[in-house]
Amino acid sequence: MTTGHQLSRFIHQVNTLEFENESVVLTFEEKTMQARIYQRLILVTLILCNISCSGQSPEKTSSVRLVGGPCEGCEGLSEYGNKTLSSIDTLPLFKEHEPKLKVTGTVFKKDGITPAAGVILYIYHTNRQGVYQTKGNETGWAKRHGFIRGWVKTDLNGQYTFYTFRPGAYPDKSEPEHIHLTVKEPDTNEYYLDDYLFDDDPLLTPSVRKKQPVRGGAGIMRPVNENGLLVIKRDIILGLNIPDYE
């Protein structure tokens, strides 16, 4: 029975006290007292119904902004499972391969000044032979990205660090050495940024350099040898050259 029908039936009951096919005519005072009782009962009923309905069908609101355009494989960013993310991560095979690599920097908000905390960065790359290495039991996007991948969440100063090794170019040398990068801010969907590229890579020709969209800032970095560890520092500006960001 709808609320409108309930109220109509209530008015009729107040006038005639109609229950189980009996009709009793009341005095004005009796009608007034009866009306007050039923008003309270119906008010309580409506309140309980509202609470119950709200609990069963909560209103869903979303503040996530859709930015960045199409992004095949960006869903891999959410595949860290139960891992507790910190601002530092070490990728698989770091100890086994050379040259070892440290990727570090600061993530800034759109103004390029304010550090951005709580931003998730996801990277993956090939092994030294230029292959996205798998173990055979991968699920989700790991089937294509391989298991050489990692996740960090920027600290209060917007800083992040990955420890990994320098990847190899594809066997056919169709692309220079690169590390894929996907990012997710707390209030957006995942979107990709320019790959990390190595300025000293002979495959990084002038034509390839010109094609870089510079999403989030330039991704071409020159590695510096620090005590046997190659280091590339890349700061990221969120929203820079990202479609639909504003």
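Above: the structure in question.
This structure is a prediction, so every number in the text was calculated from the model and none was measured.

Asks: Quick one: what's the story with the overall build of the protein chain, residue by residue and with numbers?
Replies: When its secondary structure is counted, the protein chain shows four helices and eleven strands. The buried share of the protein chain, reckoned over its 246 residues, is 40%. Sequence-distant contacts, at least 24 apart, represent 69% of the contacts inside the protein chain between residues at least 6 apart. Roughly 14,600 Å² of accessible area belongs to the protein chain as shown, and the carbon and sulfur atoms make up 54% of that amount.

Asks: Can you break down the sheet that holds strand S6 (residues 178–184) residue by residue, with the values?
Replies: Taken together, the five strands give an open sheet; going across it, the order is S4-S3-S6-S7-S8, and neighbouring strands pair in mixed fashion. Lying at the two open borders of the sheet, with one neighbouring strand each, are strand S4 (149–153) and strand S8 (220–221).

Asks: Got a sec to walk through the pattern of salt bridges? Specific residues and values, please.
Replies: With the rule as written, the count across this model stands at ten salt bridges. One salt bridge connects Arg-144 with Glu-72, and the closest N-O pair in it is separated by 2.8 Å. Taken together, the positions of Arg-144 in helix H3 (residues 142–145) and Glu-72 in the loop between helix H2 (28–56) and strand S1 (88–90) put the pair 72 residues apart, joining distant regions of the chain. Salt bridges sharing partners connect three or more residues here, namely Arg-166, Glu-177 and Asp-200.

Asks: Quick rundown of the nonpolar core? Include the residues and the values.
Replies: One finds Leu-121, Tyr-160, Tyr-196, Ile-236 and Leu-238 to be the most contacted residues of the largest nonpolar core, which totals 30 residues. Mapped onto this core, the elements with two or more residues apiece are strand S2 (100–108), strand S3 (120–124), strand S5 (159–165), S6, strand S7 (191–198) and strand S10 (229–233). Counting residues per element, this core draws most heavily on S7, at four residues. Not counting residues up to four positions away in its chain, the partners in contact with Tyr-160 are Ser-87, Val-103, Thr-104, Gly-105, Thr-106, Val-107, Leu-121, Val-152, Thr-154, Tyr-196, Arg-234 and Ile-236. Formed by six residues, the second largest nonpolar core is a distinct cluster that contains Leu-85, Ile-120, Tyr-122 and Trp-151.

Asks: Give me the lowdown on the state of the cysteines, citing residues and values where you can.
Replies: For the structure on display, the rule yields one disulfide. The disulfide that involves Cys-71 links it to Cys-74, with 1.4 Å between the sulfurs. Here the two residues Cys-71 and Cys-74 agree in accessibility, since each one is buried.

Asks: For unusual backbone geometry, give the residues involved together with the corresponding values.
Replies: Residue Glu-98 is joined to Pro-99 through a cis peptide bond whose omega torsion reads -5°. In this model, Asn-227 sits at a positive phi of 55°, which is unusual for a non-glycine residue. Tracing the sequence through the fold places Asn-227 in the loop between strand S9 (224–226) and S10. Despite not being glycine, Asn-241 has its phi angle at roughly 60°, a positive value. On the secondary structure map, Asn-241 appears in the segment after strand S11 (236–237). Classification of Asn-241 by relative accessible area gives partly exposed; the value is 45%.

About the criteria used
- Residues numbered from 1 in each chain as written.
- Predicted model: local features only at pLDDT ≥ 70, side-chain atom pairs only at ≥ 80, totals over all residues.
- Heavy atoms only, no water.
- Helix = DSSP H or I, 4+ residues; strand = E, 2+ residues; numbered from the N terminus.
- Buried < 20%, exposed > 50% of the residue type's maximum accessible area, 1.4 Å probe, protein only.
- Contact = heavy atoms within 4.5 Å.
- Areas by Shrake-Rupley, 256 points an atom, 1.4 Å probe, with all protein chains shown as cover.
- Pairing = 2+ DSSP bridges.
- Salt bridge = Lys/Arg side-chain N within 4 Å of Asp/Glu carboxyl O.
- Core = buried A, V, L, I, M, F, W, Y, C linked by side-chain atoms within 4.5 Å.
- Disulfide = S-S within 2.5 Å.

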